[in-house]
Amino acid sequence: MTEREEPSGEPSPDGSAPPFSGAETGQPRYEPPPGVGKLLVWVLLFVLAAVVVVLGGVYLT
C-alpha cells in the first residue's frame with residue numbers, strides 16, 4: 001500500500017487489523033479524558049490568569 005492509498009478495511013497480509021477500522025464501521029473514536037493532574041493544572045492556570053487580570057485592573061485604577 002502506498003502513502004496515498006486509502007485503507008481497504010481488509011486485514012493486512014500479516015493478519016493485523018487495518019489502521020482506521022473504528023472509523024469505517026461508523027463508531028466514533030474519542031480521545032481519552034484528561035487525568036486529574038492535567039485538569040488541575042488547567043484550572044490553576046485559569047485562576048492565575050483571572051487573578052492577574054483583577055490585580056492589573058486594581059493597579060491601573
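Residues numbered from 1 in each chain as written. Predicted model: local features only at pLDDT ≥ 70, side-chain atom pairs only at ≥ 80, totals over all residues. Heavy atoms only, no water.

**A closer look at the overall build of the protein chain**
What counts here: In this description a helix means any DSSP run of H or I spanning at least four residues, a strand means any run of E spanning at least two, and both kinds are numbered starting from the N terminus. When a residue's accessible area, from a 1.4 Å probe over protein chains only, is under 20% of the maximum for its type it is buried; when over 50% it is exposed; and in between it is partly exposed. Note that accessible areas follow from Shrake-Rupley with a 1.4 Å probe, and for residues the cover is restricted to the protein chains shown.
Regarding its fold elements, the protein chain presents two helices and zero strands. The buried share of the protein chain, reckoned over its 61 residues, is 5%. Surface summary for the protein chain: the accessible area is close to 5900 Å², and the carbon and sulfur share equals 67%.

**Topic: a nonpolar patch on the surface**
Which entries qualify depends on this criterion: In this scheme, patches are assembled from residues that exceed 30% relative accessible area and form no salt bridge. Like charges are connected within 9 Å, while nonpolar side chains (Val, Leu, Ile, Met, Phe, Trp, Tyr) are connected within 5 Å. By definition here, a salt bridge exists when the distance from a side-chain nitrogen of Lys or Arg to a carboxyl oxygen of Asp or Glu is within 4 Å.
A cluster of nonpolar side chains, Leu39, Val43, Val47, Val51 and Leu55, forms an exposed patch at the surface whose accessible area comes to about 430 Å². Along the chain, Val47 falls in helix α2 (residues 36-60).

**Re α2**
Given 3.6 residues to a turn, an α-helix orients residues that are three or four positions apart in the same direction. Defined as follows: An expected span of 1.5 Å times one less than the residue number is assigned to each helix.
The terminal C-alpha atoms of α2, which comprises 25 residues, lie 36 Å apart, in line with the 36 Å expected from a rise of 1.5 Å per residue. A small share of α2 lies buried, amounting to zero of its 25 residues.

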